[in-house]
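# Structure at a glance
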Amino acid sequence: MDSQTEAEMQVLSKRDDEFGAMSRAMEEMNQKLYDNQQLILSMAQHDVLTGLANRRNFAEFVQKCSANTMFTLISLDLDHFKEVNDNFGHQTGDAALLILAEVLKIQFADALNVRMGGDEFLVVLTGKVQKAEVEARLQAFMKQLTSVYDQDPDLKCLTISAGIAYADGQPVPIDVLMNRSDEALYAAKSSGRSCYRVYSEDMDII
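Counting of residues starts from 1 at the beginning of each chain's written sequence and follows it residue by residue. In view of the model being predicted, local features appear only for residues whose pLDDT reaches at least 70, and side-chain atom pairs are presented and counted only at 80 or more, with totals across whole chains, interfaces and linings using the full set of residues. The basis for the side-chain values is all heavy atoms of the structure; hydrogens and waters are excluded.

## Here we look at helix α4 (residues 81-88)
Selection rule: Burial classes follow relative accessibility: with a 1.4 Å probe on protein chains only, a residue under 20% of its type's maximum area counts as buried, one over 50% as exposed, and anything between as partly exposed. Going along the chain from the N terminus, every DSSP run of H or I of four or more residues is numbered as a helix, and every run of E of two or more is numbered as a strand. Arc definition: directions from the helix axis to the C-beta atoms. Whether two residues are in contact is decided by their heavy atoms, any of which lying within 4.5 Å being enough.
When we look at burial in α4, the residues that qualify are Phe81, Val84 and Asn85. In a view along the axis of α4, the buried residues occupy a sector of 95°, so they form one face of it. Exposed residues on α4 whose side chains face more than 90 degrees from its buried face are Lys82, Asp86 and Asn87. Looking at the buried residues of α4, the elements they touch are β1 (71-79) and α5 (90-107).

Here it is in structure tokens:
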């Protein structure tokens, strides 16, 4: 709608006759259509339960980044999540995921936080990072999350494992970096869980 038409509609909407009523109804309908379109767009790009980005959002985000973008990926996985779902039901499991998402938003507010599916999450940082700072933030996240879980008898068995993959001075294809963060996560799981590991080429994956 151009500015002239919009101005004419605004004048019409102020009238007290049936033309004014019709104009106001059309404005309301257009607003509802716009709101619904925005909601559908948001639902297509965000996880319904946690509100975090979903896989599609992540893929679009990566596509928009330049080939020279330096990524740091942190793969996260809840330990003993299936036990919580089996013993206490999916509502309790959903509560655990919501808590994780909220703590993640606090500790990594500058990152793209993605729910990859189930109890698997991904933190995406771009640009040069200080490894010590990233790992300190991850440790703070893990500590805060488990302290919240410890307050609930149904959730206190939950811990979190993580794997980090750095670009190390030059851009690395995102699929390669994802495989590396997954390998580091697997190493954390194999080391007894409730810890994190950083990918290295000589990592001994069991």
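## Describing the pairing of strand β4 (residues 159-165)
What counts, and what does not: Here, strands pair whenever DSSP counts at least two bridges between them. When the strands point away from the viewer and the path from the first strand over the helix to the second turns clockwise, the crossover is right-handed.
In terms of residue burial, β4 counts as a mostly covered element, since 7 of its 7 residues are buried. Here β4 shows a buried face lined by Thr159, Ser161, Gly163 and Ala165 and a second buried face lined by Ile160, Ala162 and Ile164. Two strands pair when backbone bridges link them, and β1 and β4 are joined in this way by 7 bridges, in the antiparallel orientation. Directly across from serine 75, in β4, lies its bridge partner glycine 163. With 3 bridges connecting them, β4 and strand β5 (residues 196-198) associate as parallel partners. Counterpart to isoleucine 164 in the pairing with β5 is valine 198. Read as a crossover between parallel neighbours, the route from β4 over helix α7 (residues 174-190) to β5 is left-handed.

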